[in-house]
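One letter stands for each residue in the lines below.
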Amino acid sequence: MLRLTQSLSGLSPSVCRSANKHKPWIETEYQGIVMENDNTVLLNPPLFALDKDAPLHFAALAGEICGFRVHNGPSGSGTVQFEAVVLDRSTGEGLVRSKEPLDCESQREHSFTIQAYDCGEGPDGANSKKSHKATVHVRVNDVNEFSPVFVERRYEASVPEGRLFDRIVRVEALDADCSPQYSQICFYDIITPNVPFAVDNDGNIKNTEPLDSKHQRVHTFWVTAFDCGKNRAQADAQVVITVKPSCKPGWMGWTKRVEYTPGSGSIPLFPGLHLETCEETVWNIQASVELQTGHIGKGCDRDSYSDRSVRRLCGAVRGEVDLLPPPSPAANWTSALPTLPSSDSSLVFSFNGSNHVAVVPDSVVSALSGDHFTLQLWMRRGGGNIQPATAQTRAGRKEEETIVCSTVRNDDSFSHYSLSVHGCRLSLFYWPDVAAARPVKFLWKLEQVCDSEWHHLSLSVQFPSVTLYVDGVTFDPALIHDNGAIPNPAPRQRMSVGACWEPEEKQKEIQNNTISEGKDSAHKEWRMRYVGGYHGLLSGVTVRPGSVEPHSVVECLYACREGLDFGDLETLGSGMKVHVNPSQSVLVLEGDDIESFNRAVQQVTYRNSLRFATPGVRPLKLTTSLRCFNEESCLALKQLEGYLVVLQPDAPQISLSGVGPHLARPAPEFEGPRGVSLFPELRIVCSLSHAVNTAAQGMEGGALMSDAVAHTLDGCEVQPLGEELNPEREELLVDMDVVRERGLEIINTTAYIAITGAESISVYEDVLRSVRYRLAKGSARFERRFRLSCSEMNGRYTSNELTLEVNFLHSLDNLYHPSNLLASQQQFLHPSHHAGELSGHTLPNPHRNSVVPGAATVIIMVCVGFLVVMVILGVFRIRSIHRRGEGARGVSKEGGSQWDDSALTIIVNPMESYESRMGISADTEGEGEEDEEAAESPEDAGDDQRIIIKKEGRE
């Protein structure tokens, strides 16, 4: 031993340094696993450090591993949570362990580096060497420490009865463990026994048999969950399933009949309607609501005033000329055209396409010159009660149907145009100058001209600009310059409706597209035949020369007063769309959410702004289309049909008052230059009577309440009763300044005065108060009767008939004249009136008529005195006859029959004289000529006063 020590101490330093020449060696990477409840890391491969330095008897420590060092990994926590220790220095075996408990749920994986170092040289470990750094990945293995927990404590669902469902509701539980083995829910279980339901491993609950709501409406049961470590849920979940009655997909709450009371504004059509899809998932819903009003007037409910009155109400420029006026002596060119009844009181003319043509006279056409004009009309192709048109073809092709054809004079030239239809095309053929220019054709392709429905056309020509409005909507034309060999129209002013003329003898000289106008050209007689006949109905055809109508006026003329509408667009849900056509007869809803769609359908309303809406039935249709994710099982809903009933509106009561039944004036006033006002204090009141629910007020029965309303009249008529007015002796006068100022029209004939035009009641009161009656000098009569009546809504509602009797008062001098005495008595003591009825005369100006009380008093006194005299004479005559009878009995006592005057009755009729003067026979027949005796006083033989003596008995 001593020698070994001496030999070691005798070695040189170079020999010692060469004893630890190599570094320790370890693997470059290790994979480790550690359990949450353990701190030892199991590495793969195991941790061994090798050193090539062989252990020597003089340097035994050089080949040993003294330790391992742990360095921070990417997470920076390796040195904190893990450590490495040497189990055997000679073999280099080591162990990695955690310093503190690990939590898989907090951090499942850890990474760090490890390095081995040897023991160096000598006892103090000098010249120690380190290995390279190896990466260590440690995964923390989970321990099943958590139990499943349900997301919801209570699950609810509802299903229709009678069906089996793959899934009614899904329950879900979660496990907080980090590993798939313990964090996954392996299966669910229904712990409530004897329920007709089953649950699968994914938590889907289905019914195992069809459910019956009558047997059990609500099913309640409990469900638990297990993870893959067989841990049961901490708390079970409750499931409640409600069984609904059998579901039928479609619209629920549909009301087939909907009633509308005129004056109600807007009412919802489907307040309780909702769509039931029976759990079918849809992604698009589209519903179309159609209101059919084609049978109401001209396509819908509009103002019932005349076309001219509607133009005034819409603010249209005046000056239009009616090409199809009502037949009258002044407008006889429409008398041969057949007419059809119309619910809106307008005049509808029928054209059969062959012999129904209206030729407008030159006196009317002369007012339509110029190349700026507006043509407006209502048209309906085909129509009822029209015979099929005669086939008119050229080379096998059907001709166009001409609506209006016109040639008018423009200063020194003539222009020509024709409006026609051909199939579903509307065309305007315009020739600005028939002598120089070539024609231009404007063409529109429209479905409206061939659908056999009423449509409003407004054509505004401001050449070369042409604007067409169909039902208030603008349509642009296609412009065609026609340079073909078309003969120039004749330079002659004329116009026709329903067809266009064509000369049979064309004696024209066409030279360079001009017409030679010789001296005799204006006197040529053309035999005309009409071609291109129109087949359909026309109404309200007017032409107004000058500036074109604004769009707002055209919309007002066409506007429907009824239609479909949407209640409140602000309440429209997201994704919902609403579209309404211009005539407001079709409303389309589109959306993707059923709840929003149901709310939108309940907002669809019907509105009618007319106070006196046209009563009747309007059919309703609801068409629905659904688009589903599964197109094969998507629902198909049938079309729903119903009807809207517009009830009869409360008829307005137009009351004329303020004028007495009699109007008495001195005759000279009627003979004055202004005559006498017939209705100076006229009052017109319009009221509505409606039923009142008196039961709610504790009253029995029903009652009517009348409300005064502001109305618009459209016509009044003053008509003389009896014989017509004699224009040489009498006439009715109207203040024409008031009539023209208000834009009213007046027809003044010997049979009546008609004032027409839509205006307020106050305007008609002013006009009627200006109506005066005037007589010619010396034409005073004793009475004349007039009748006044008014109407509104184109004669739909009429007023009471106010009858006025006009009495002419004559002067006192004329009354005392024998020839006028009888006339005076007839004037004031008419058989049909008593003296007391004089108070009923209209005497608005007592100062001017102060002669009436004096004249009446004088006449009454004369009559009473005359009657008293007649009674005295009658009594005296009876006594004289009686004395003669007694003398005759004294002379011949044996005479025949005697007159027994014990039962004598004397009847004196004081009105006999008056009645005889009135032309009324007052002769009274007795039982026989032998039973009565008439005695006349010689002083009063001309008075026709009779005393009737009736013998009651005979001796």
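The protein chain has the name Calsyntenin-3 in an unreviewed UniProt entry, where Tetraodon nigroviridis is given as its organism. Quoted verbatim from the Sequence similarities (unreviewed entry) field of UniProt, the annotation for the protein chain is "Belongs to the calsyntenin family."

It is worth spelling out the overall build of the protein chain at this point. Scanning the protein chain from N- to C-terminus turns up 15 helices and 65 strands. The buried share of the protein chain, reckoned over its 955 residues, is 41%. Across the protein chain, contacts joining residues at least 24 apart in sequence account for 71% of those joining residues at least 6 apart. Of the roughly 50,100 Å² that the protein chain leaves accessible, carbon and sulfur atoms contribute 50%.

On to the pairing of strand β50 (residues 662–666). The element β50 is extensively covered by neighbouring structure, given that 5 of its 5 residues are classed as buried. Burial of β50 is two-sided: the residues H662, A664 and P666 facing one way and the residues L663 and R665 facing the other way are all buried. Note that β50 and strand β61 (residues 802–809) share 5 bridges and pair parallel. Counted as the bridge partner of H662 is E805 from β61.

With that settled, the discussion passes to the side chain of Q81. Mapped onto the fold, Q81 is located in helix α3 (residues 78–81). Taking the relative accessible area as the measure of exposure, Q81 reaches 15% and is therefore buried. In terms of polar contacts, Q81 uses its side chain to reach the side chain of H110, at 3.2 Å. With near-sequence residues (within four places) excluded, Q81 lies in contact with R97, S98, K99, E100, L102 and H110.

Counting buried residues in β61 gives 7 out of 8 residues, a clear majority hidden from the surface. Pairing of strand β59 (residues 783–792) with β61 involves 6 bridges; the strand directions are antiparallel. Bridge pairing links R787 to T803 in β61.

With that settled, the discussion passes to the pattern of salt bridges. For the structure shown, the criterion picks out 13 salt bridges. With a shortest N-O distance of 2.7 Å, E156 and R154 are connected by a salt bridge. A relative accessible area of 54% places E156 in the exposed class. The class for R154 is partly exposed, based on a relative accessible area of 40%. Ionic pairing is found between R784 and E730, a salt bridge with its closest N-O pair at 2.6 Å. With a gap of 54 residues between them, R784 in strand β59 and E730 in strand β55 (residues 730–733) connect regions that are remote in the sequence. Here R784 matches E730 in class, with each residue buried.

A few words on the packing of aromatic side chains. For the structure shown, the criterion picks out 16 aromatic pairs. Where F351 meets Y534, the ring centres are 6.2 Å apart and the plane angle is 65°; that geometry is what we call edge-to-face. On the criterion of sequence distance, the pair formed by F351 in strand β24 (residues 348–352) and Y534 in the loop between β41 (528–531) and β42 (535–545) is long-range, its members being 183 residues apart. Comparing F351 with Y534, the two get one shared label, buried. Here F670 and F808 contribute two aromatic rings whose centre-to-centre distance is 4.7 Å and whose plane-to-plane angle is 70°, an arrangement assigned as edge-to-face. Residue F670 is found in helix α9 (residues 667–670), and its partner F808 is found in strand β61; the two are separated by 138 residues along the sequence. According to the relative accessible area criterion, F670 is buried, its value standing at 0%. Here the aromatic cluster, defined as three or more aromatic residues joined through ring pairs, consists of F670, Y773, F786 and F808. Here the guanidinium or amino end of R69 rests over the ring plane of Y117, the centre of that ring lying 4.0 Å away.

Here we come to the sheet that holds strand β5 (residues 93–98). Reading across the sheet, the 7 strands line up as β3-β6-β7-β1-β2-β5-β4 and stay open at both edges, with mixed pairing between neighbours. Strands with a single pairing partner mark the edges of an open sheet, and in this sheet they are β3 (65–71) and β4 (82–88). Strand-to-strand twist of the sheet, defined as the mean angle between neighbouring strand axes without regard to direction, takes the value 35°. When β3 meets strand β6 (residues 109–118), the two strands line up antiparallel, connected through 6 bridges. Paired with G67 across the strands is Y117, a residue of β6.

Attention shifts here to the sheet that holds strand β21 (residues 282–291). Reading across from one edge, β18-β48-β47-β21-β45-β44 is the order of the 6 strands in this open sheet, with mixed pairing throughout. The sheet is open, and its two edges are formed by β18 (257–260) and β44 (577–580), each paired on a single side. If you compare each strand with its neighbour and ignore which way they point, the axes differ by 20° on average. Sheet topology note: the strand β47 (residues 616–628)/strand β48 (residues 640–646) ladder contains 7 bridges and is antiparallel. What sits directly across from V617, in β48, is V645.

Let us look at the environment of V136. Residue placement: V136 occurs in strand β7 (residues 134–141). According to the relative accessible area criterion, V136 is buried, its value standing at 0%. For the pair V136 and V70, spaced 66 residues apart in sequence, the C-alpha to C-alpha distance is 9.5 Å. Other than its neighbours up to four places away in sequence, V136 contacts Y30, L43, H110, S111, F112 and I114.

Going through the model one piece at a time under the given rule, you end up with 6 disulfides. Through a disulfide, C104 is tied to C178; the S-S separation comes to 1.6 Å. Judged by the torsion about the S-S bond (95°), the C104/C178 disulfide is right-handed. In this pair, C104 is assigned in the loop between β5 and β6 and C178 in the loop between β11 (173–174) and α4 (180–183), connecting sequence segments 74 residues apart.

This part is about the nonpolar core. Soluble, globular proteins show a tendency: their nonpolar side chains are buried together. Counting residues in hydrophobic clusters, the biggest one holds 43 residues, and the most contacted among them are L323 and L538. The element best represented in this core is strand β26 (residues 372–381), accounting for 4 residues. Core analysis: the second largest hydrophobic core is formed by 37 residues, F679, I684, V767 and Y773 among them.

The topology assignment puts E401 in strand β29 (residues 401–410). Judged by relative accessible area, which is 7%, E401 ranks as buried. The spacing of E401 and V531 is 130 residues in sequence and 8.4 Å in space, taken between C-alpha atoms. Those residues in contact with E401 that lie beyond four places of it in its chain are R381, L419, S420, V421, G532, G533, Y534 and H535. Polar side-chain contacts of E401 include one of 3.1 Å to the backbone nitrogen of H535.

Before going further, it helps to spend a moment on a nonpolar patch on the surface. Taken together, the side chains of I860, V864, V868 and I872 make up a nonpolar region of the molecular surface, amounting to roughly 340 Å² of accessible area. In this structure, I872 sits in helix α14 (residues 851–891). Note on I872: relative accessible area 55%, which makes it exposed.

Conventions adopted
- Just so you know, the residues in each chain are numbered from 1, in the order the chain's sequence is written.
- Thresholds applied to this predicted model are a pLDDT of at least 70 for local features of residues and 80 or more for the giving and counting of side-chain atom pairs; totals over whole chains, interfaces and linings are not thresholded and use all residues.
- Think of the side-chain values as coming from all heavy atoms in the structure, minus any hydrogens and water.
- UniProt positions are given in the numbering used here, feature names are shortened, and annotations may be inferred rather than shown by experiment.
- Numbering of helices and strands starts at the N terminus; helices are DSSP runs of H or I of at least 4 residues and strands are runs of E of at least 2.
- Buried, partly exposed and exposed residues are distinguished by accessible area as a fraction of the type maximum, computed with a 1.4 Å probe on protein chains only: under 20%, between the cut-offs, and over 50%, respectively.
- The contact definition used throughout considers only heavy atoms, calling two residues in contact when any of these lie within 4.5 Å.
- Per-residue and other accessible areas were derived by the Shrake-Rupley procedure at a 1.4 Å probe size, with only the shown protein chains allowed to occlude residues.
- Should DSSP find at least two bridges between two strands, the strands are regarded as paired.
- Here a polar contact is taken to be a pair of N or O atoms separated by no more than 3.5 Å, where protein atoms must pair a possible hydrogen donor with a possible acceptor and residues adjacent in sequence count only if both atoms sit in side chains.
- Here, a salt bridge means any side-chain nitrogen of Lys or Arg that lies within 4 Å of a carboxyl oxygen of Asp or Glu.
- Two rings from Phe, Tyr or Trp (for Trp, the six-membered ring) form a pair when their centres sit within 6.5 Å of each other. Planes less than 30 degrees apart are called stacked, planes more than 60 degrees apart edge-to-face, and all others tilted.
- Our definition puts a charge over a ring when NZ of Lys or CZ of Arg is within 6 Å of the ring centre and also within 35 degrees of the ring normal.
- To obtain an axis, a line is fitted to C-alpha atoms, over the contacting stretch when the element is a helix, and the angle between two such axes runs from 0 to 180 degrees between their N-to-C directions.
- Disulfides are defined as cysteine sulfur pairs within 2.5 Å.
- Put simply, a nonpolar core is a bunch of buried Ala, Val, Leu, Ile, Met, Phe, Trp, Tyr and Cys residues held in one set by side-chain atoms that sit within 4.5 Å of each other.
- Patches draw on residues past 30% relative accessible area with no salt bridge. Two like charges within 9 Å are joined, as are two nonpolar side chains (Val, Leu, Ile, Met, Phe, Trp, Tyr) within 5 Å.

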